Amino acid sequence: MAAPADAAVLVGLGSELDLPVVEQAAQEAAGHGRPLHLLHTFDWHTAFAADTVAAPRDQAEELISRAAQLAHATEPGLTVRSEIVESALLPTLIRRSEVTFLLAVGDSGMAGSGQCIPAETTAVQLAARAGCPLMVVRREPPPQGPVLVGVDGSPSSHLALQWAAECAARRDARLLALRVVEYDEDADAVTEQLTEALARHTGRHSAVPTEGRVVRGDPAEVLIETSRSAQAVLVAARGDEPGRAMLGAVAQSLLYHSPAPVFVVRGLAQAPLTGPGARPAGDQRP
């Protein structure tokens, strides 16, 4: 199912630790000319286990109110909708993602934790199962480096490249397209393919400084290391087999270990990247 033309940027709020997600999601929504939808889920079983039933509900109302205020402060004039749903967060977000332009969540403390993060983590599950692109926001702000995109030559990675070009234009940033090859691959032939892909997918954004780079090594390791100086990193959910309920090793490694915000790109084949209210490239504020 394709998302409607006026589909929103949806933020899944678990707790106040996810408030940094709201700021970045509001910027994405304004840049793409789309409304922002804030969603928090409420569990009555937890509420009845608390000292008073009213306290958890009051906390939920306060969180969604703070998030809405932050969104309006970040992007004045942005259309913002707030909602509290009595349901579990993960299945709700998966269901809503079918009619969403971009889904944004926090990383549950994955980046820099040094701990083994279970595959059941919300961000990982959404990256594998959502019906739209996913933005996973870190708790620490990224540097003002390039927008990095991993390209492996697959159709889905070309979709990620298209999204990355749009992302770089909206952020007034340099675009770095990285292709990591095995040691027995023909680097010259791969470089030519990458150059052609860049020309095809960045034509609408000719003012964006663009670099294509071919590197030998392990794709996940190279992308993670390069992402340390990037303001955002984009990758297809799975390069060679972009099916639902599947997440490639490279995308999963970036989710776990990249310090930059990660966009896992999927479900964009029939969705326009910008809505009618999109800001011109390079316009960072209304």
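The following refers to the structure shown. The structure presented is a predicted model; accordingly, all values stated were derived computationally and were not measured.

**Examining the pairing of strand S7 (residues 175-181)**
Thinking step 1. Counting buried residues along S7, 7 of its 7 residues qualify, which places the element largely inside the surrounding structure.
Thinking step 2. In the sheet, strand S6 (residues 147-150) pairs with S7 via 4 bridges, with the strands oriented parallel. Opposite Val149, over in S7, you have Ala177 as the bridge partner.
Thinking step 3. Regarding topology, helix H6 (residues 155-171) serves as the crossover connection from S6 to the parallel S7, and that connection is right-handed.
Thinking step 4. Strand direction decides the pairing type here: S7 and strand S8 (residues 210-216), joined by 7 bridges, are parallel. Looking at S8, one finds that Leu178 is bridged to Arg213.
Thinking step 5. Regarding the hand of the β-α-β motif, the stretch spanning S7, helix H7 (residues 187-201) and S8 is right-handed.

**With respect to the packing of aromatic side chains**
Thinking step 1. In this structure the tally under the stated criterion is 2 aromatic pairs.
Thinking step 2. Both rings, one in Trp163 and one in Phe263, keep their centres 6.3 Å apart while their planes meet at 50 degrees; by these two values the pair is tilted. Here Trp163, found in helix H6, pairs with Phe263, found in strand S10 (residues 262-265); they are 100 residues apart in sequence, far enough to count as distant. Across the pair, exposure class does not vary: Trp163 and Phe263 are buried alike.

**A short note on the pattern of salt bridges**
Thinking step 1. Scanning the model with the defined rule gives 10 salt bridges in all.
Thinking step 2. Between Glu83 and Arg96 there is a salt bridge, and its shortest N-O distance comes to 2.9 Å. Of this pair, Glu83 sits in strand S3 (residues 80-85) while Arg96 sits in helix H4 (residues 89-96), placing them 13 residues apart in sequence.
Thinking step 3. In this structure Arg96 comes out as partly exposed when scored by relative accessible area, which is 21%.
Thinking step 4. Taking the shortest distance from any N to any O, the salt bridge between Asp107 and Arg138 comes out at 3.0 Å. In this pair, Asp107 sits in the loop between strand S4 (102-106) and helix H5 (122-129) while Arg138 sits in the loop between strand S5 (134-137) and S6, placing the two residues 31 residues apart along the sequence.
Thinking step 5. Classification of Arg138 as buried rests on a relative accessible area of 3%.
Thinking step 6. By sharing partners, the salt bridges in this structure join Arg81, Glu83 and Arg96 into a single network.

Parameters at a glance
- Residues numbered from 1 in each chain as written.
- Predicted model: local features only at pLDDT ≥ 70, side-chain atom pairs only at ≥ 80, totals over all residues.
- Heavy atoms only, no water.
- Buried < 20%, exposed > 50% of the residue type's maximum accessible area, 1.4 Å probe, protein only.
- Helix = DSSP H or I, 4+ residues; strand = E, 2+ residues; numbered from the N terminus.
- Pairing = 2+ DSSP bridges.
- Right-handed = clockwise from strand over helix to strand, strands pointing away.
- Phe/Tyr/Trp six-rings, centres within 6.5 Å; stacked < 30°, edge-to-face > 60°.
- Salt bridge = Lys/Arg side-chain N within 4 Å of Asp/Glu carboxyl O.

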